[in-house]
Amino acid sequence: MLTLTCPHCGIRAEETELSPGGEAHLKRYGPGDTDEAFEAYMFARKNPKGVHFERWRHAYGCGKWFLAARCTATLEVFGTYPAQTSEPPEHIIAAITAKRPGWEGYK
Ligand SMILES: [Zn+2]
């Protein structure tokens, strides 16, 4: 079972206490952008086998949103951090590259 530590309240929550919110760090598009950029924002999502950045909500706890870096194949969690972060923090990147030396970044 997937367990994530909520960065807001510090509780290590099981997957059943959380609600998934999809891919993290999406660049938003709106009026004035191309149709292709808006379509990609609305519908295109990464679905990697490996490291993935995701949005989660501590639904049956503090109720706040946070972000998690984890491996979709092994459920290994590299860390969680507040949702108000535009890019993965350095300590998360360091945790990933320490365990996945060939990892090429989140972009
Ligand atoms: Zn919480």
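Residues numbered from 1 in each chain as written. Predicted model: local features only at pLDDT ≥ 70, side-chain atom pairs only at ≥ 80, totals over all residues.

- Labelled according to an unreviewed UniProt entry, the chain appears under the name Putative sarcosine oxidase delta subunit protein, originating from Frigidibacter mobilis.

1. Considering the overall build of the chain
- Check the secondary structure of the chain and you find two helices and six strands.
- Counting helices and strands in the order they occur from the N terminus, the chain gives β-β-β-α-β-β-β-α.
- The 107 residues of the chain split such that 18% are buried.
- Partitioning the intrachain contacts of the chain with sequence separation of at least 6 by distance along the chain shows that 47% fall at a separation of at least 24. (Helix = DSSP H or I, 4+ residues; strand = E, 2+ residues; numbered from the N terminus. Buried ≥ 20, exposed ≤ 12 C-beta atoms within 10 Å, placed from the backbone. Contact = placed C-beta atoms within 7 Å.)

2. Examining the pairing of strand S4 (residues 51–57)
- Sheet topology places strand S3 (residues 19–23) next to S4; three bridges connect them, and they run antiparallel. Of the residues in S4, the one forming a bridge with Glu23 is Glu54.
- Note: S4 against strand S5 (residues 65–71), seven bridges, orientation antiparallel. Looking at S5, one finds that Phe53 is bridged to Ala69. (Pairing = 2+ DSSP bridges.)

3. Focus: the nonpolar core
- In terms of nonpolar packing, the biggest core is built from 15 residues, with Leu4, Trp56, Phe66, Leu67, Ala68, Ala69 and Ile96 touching the most fellow members.
- For this core, the secondary-structure elements that each account for two or more residues are S4, S5 and helix H2 (90–99).
- Per-element accounting of this core gives the leading share, four residues, to S5. (Core = buried A, V, L, I, M, F, W, Y, C linked by C-beta atoms within 7 Å.)

4. Focus: the sheet that holds strand S6 (residues 77–82)
- Ordered by their spatial adjacency, four strands build an open sheet running S3-S4-S5-S6, and the pairing between neighbours is antiparallel. Edge positions in the sheet fall to S3 and S6, since each of these pairs with one other strand and no more. When the angles between neighbouring strand axes are averaged without regard to direction, this sheet yields 30°. (Axes fitted to C-alpha atoms, helices over the stretch in contact; angles between N-to-C directions.)

5. Description of the pairing of S6
- In this structure, S5 lies alongside S6, joined through five bridges in antiparallel fashion. Looking at S6, one finds that Ala68 is bridged to Thr80.
- Hairpin connection, S5 to S6: the antiparallel pair is bridged by five residues, and Leu75 has positive phi, about 65°.

6. Digging into the environment of His58
- Take His58: it is sitting in the loop between S4 and S5.
- The class for His58 is buried, based on 22 C-beta atoms found within 10 Å.
- Taking the C-alpha atoms as reference points, His58 and Leu18, separated by 40 residues in sequence, lie 4.8 Å from one another.
- Those residues in contact with His58, other than ones at most four positions away along the chain, are Cys6, His8, Cys9, Ala13, Glu17, Leu18, Gly63, Lys64 and Phe66.

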